[in-house]
Amino acid sequence: MKVTVDEPRMMYELRQLASFTEPSTEPARAGETAVTRVVFTERDGEARAWLKELAEAAGLVIREDAVGNTFFRWEGSEPALAAVATGSHIDAIPNAGMYDGTVGVLGGLEAMRGLQAAGFKPRRSVELILFTSEEPTRFGLGCLGSRLMSGGLSVEAAQRLVDEADMSLDEARSAAGYSGGLGEVELAKGVYAGFVELHIEQGPRLEREGVPIGVVTHIAAPASGAIVVEGEGGHAGALLMPVRHDALAAAAEVALAVERAALGTGVEDTVATVGRCEVFPGAVNSVPSRVRLSLDVRDVELARRDAVLASIVSSCEEIAQRRGVKITPAMANADEPASCAAAVVDAVEAACVEAGVASIRMVSRAYHDALFMARLCPVGMIFVPCRGGVSHRPDEHAEPGDLAAGVRVLAQTLATLSLGEAL
Ligand code: HGY
Ligand code: MN
Ligand code: MN
């Protein structure tokens, strides 16, 4: 089916969405768009309201759940059948770019509008899902909305989540206007017949190989948490070196041990990052007594990822013993990787042929809401190139033509799944 993508409208809407951001703390640079949009903030609320207006104009029926996951539905001729869905997130980490997540939301909307314009009549309803809090920024756990939706997070665990101002998830979501019990968020298997997420690759492969579409086969398994190092503080002048138990010096060894553990597998799929370091008391002339490091470890292979976690823990024990400090690793999540369903992968590849675009199969090193939707239904992902593989930075960039190709492939895939039997 020939689906026309309104590229100028899509690019305008991506720029509009990017305008709902906190002011940047960094100097603006030409050609860069810095976006910070944290879940349940005013900017997030404004962006959601704006998006709902676009969806209403497209005749979609809107439902919001208790945590703000928002469903934009195009009713099919057989509404009792399991729907097919697409979607992603609009929350953005501090000083991010304007394409991560938003391409899957606005690209999904564009795919649905393109199908409408082409006269397509869905059999299975088609839903665009805006997932709440895919980024871990505020509550320290990624994919909050899709975890709750797929039973990957208990209500009790969700109610223990607090932000840095000690505001609970419940308080934040009700302040943002979402009510109802978190227990109502979980959906039954079979509610969806399939889910396909469009996303920028957030890696260099497609651009490097000059291929416009990535057909994702596996999504890496994220594990994240914190490592707290407790030493002894003291006066930077009076406390002599031989008797120090400097928490930051110990934490520096931990950060290097994290890097060493990932490199040690000798496999490029293994990655580990210490992205945050909070030092207490944080005074120039005071020996740090406590440091909190964040930890993010991923791999497409679960056993290898868990072996890296174990190696990090044993390095912490050795450093703690040698330096006379206390080191406590505490994991927030250690998720399984997900495989995309063969039937969805095939549907995406067939859509690429129909759209006349080349594609390669690949893994996703970033996690996505598709990782948790895979617990509810067969999933697939469509990647489009991003310049230099850069993401989570204001110079994140995707070419309009590549985005349009991704939307065409998504539209064709949704049409195929909507008319198809259960996968
Ligand atoms: O961290 C990730 O993989 C995603 O961008 N939240
Ligand atoms: Mn991201
Ligand atoms: Mn993302």
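Residues numbered from 1 in each chain as written. Chains lettered and ligands numbered in written order. Predicted model: local features only at pLDDT ≥ 70, side-chain atom pairs only at ≥ 80, totals over all residues. Heavy atoms only, no water.

A. How the structure looks around the overall build of the chain. What the chain contains, in helices and strands, is twelve helices and 18 strands. Taken over the C-alpha trace, the chain has a radius of gyration of 22 Å; the compact-globule value for 423 residues is 22 Å, and the two agree within 12%. In terms of principal-axis extent, the alpha carbons of the chain reach across some 80 × 45 × 45 Å. Looking at the 423 residues of the chain, the share that counts as buried comes to 54%. Restricting to contacts in the chain with at least 6 residues of sequence separation, those with at least 24 account for 79%. (Helix = DSSP H or I, 4+ residues; strand = E, 2+ residues; numbered from the N terminus. Rg over C-alpha atoms; globule rule 2.2 N^0.38 Å. Buried < 20%, exposed > 50% of the residue type's maximum accessible area, 1.4 Å probe, protein only. Contact = heavy atoms within 4.5 Å.)

B. Focus on the coordination of the manganese ion (ligand 3). At the metal site, the manganese ion (ligand 3) is ligated by His89 (NE2), Asp100 (OD) and His199 (NE2), and these contacts range over 2.1 to 2.3 Å. Mapped onto the polypeptide sequence, the residues donating to the manganese ion (ligand 3) form the spacing pattern H-x10-D-x98-H. The metal-metal distance between the manganese ion (ligand 3) and the manganese ion (ligand 2) is 3.6 Å, with Asp100 serving as a donor to both. Of the two residues, His89 is situated in strand S4 (residues 83-89) and Asp100 in the loop between strand S5 (92-96) and helix H3 (102-117); the sequence distance between them amounts to eleven residues. (Donors = N, O, S within 2.8 Å, 3.2 Å for Na, K, Ca; no water.)

C. Layout of the domain arrangement of the chain. Taken domain by domain, the chain comprises domain 1 (7-220 + 337-419) and domain 2 (222-334). Computed over C-alpha atoms only, the centres of domain 1 and domain 2 are separated by 33 Å. Contact with domain 1, which involves eleven residues of that partner, is made by eleven residues of domain 2. Interface area, domain 1 with domain 2, both sides summed: about 950 Å², of which 56% is carbon and sulfur. (Domains from an automatic or database assignment. Buried area = accessible area lost by both parts, 1.4 Å probe.)

D. Local environment of the site of ligand 1. Taken together, Glu134, Glu135, Arg298, Ala366, Tyr367 and His392 make up the full set of residues adjacent to ligand 1. For ligand 1, an oxygen atom lies 2.6 Å from a polar atom in the side chain of Arg298. One of the backbone nitrogen or oxygen atoms of Tyr367 is found 2.9 Å away from an oxygen atom of ligand 1. Its free accessible area being 210 Å², ligand 1 has 94% of it covered by the protein chains. In the shell around ligand 1, the residues fall into two nonpolar, one polar and three charged. (Near = heavy atom within 4 Å. Polar contact = N/O pair within 3.5 Å; in protein donor to acceptor, adjacent residues only side chain to side chain. Areas by Shrake-Rupley, 256 points an atom, 1.4 Å probe, with all protein chains shown as cover. Nonpolar A, V, L, I, M, F, W, Y, C, P; charged D, E, K, R; others polar.)

E. Geometry of the environment of Arg37. Structurally, Arg37 is set in strand S1 (residues 35-37). Considered as a pair, Arg37 and Ile62 are 25 residues apart in the sequence and their alpha carbons are 22 Å apart. Side-chain polar atoms of Arg37 contact the backbone oxygen of Leu17, separated by 2.8 Å. In this structure the side chain of Arg37 is engaged in a polar contact, spanning 2.9 Å, whose partner is the backbone oxygen of Phe20.

F. Just the coordination of the manganese ion (ligand 2), in detail. Protein ligation of the manganese ion (ligand 2) involves Asp100 (OD), Glu135 (OE) and His392 (NE2), the donor distances falling in the range 2.1 Å. We note that the donor set of the manganese ion (ligand 2) lies within a single chain, spaced as D-x34-E-x256-H. On the accessibility criterion, His392 (33% relative accessible area) is partly exposed.

G. Representation of the packing of helix H1 (residues 7-18) against H3 in the model. Direction vectors running N to C along H1 and H3 enclose 145 degrees, while the axes themselves pass 10 Å from each other. Of the two possible hands of crossing, H1 and H3 adopt the one that is right-handed. Each of Arg9, Met10, Glu13, Leu14 and Leu17 in H1 lies in contact with H3, whose residues at this interface are Thr102, Val103, Leu106, Gly107, Glu110 and Arg113. (Axes fitted to C-alpha atoms, helices over the stretch in contact; angles between N-to-C directions. Left-handed = near helix turned anticlockwise from the far one by under 90°.)

H. Summary view of the nonpolar core. Grouped together as the largest cluster of nonpolar side chains are 110 residues, with contacts concentrated most on Tyr99, Met149, Leu169, Tyr192, Met373 and Leu403. With ten residues, helix H12 (residues 400-419) is the single largest residue contributor to this core. Discounting chain neighbours no more than four positions away, the residues touching Met149 are Asn69, Phe71, Ile129, Phe131, Val185, Glu186, Leu187, Met373 and Leu376. (Core = buried A, V, L, I, M, F, W, Y, C linked by side-chain atoms within 4.5 Å.)

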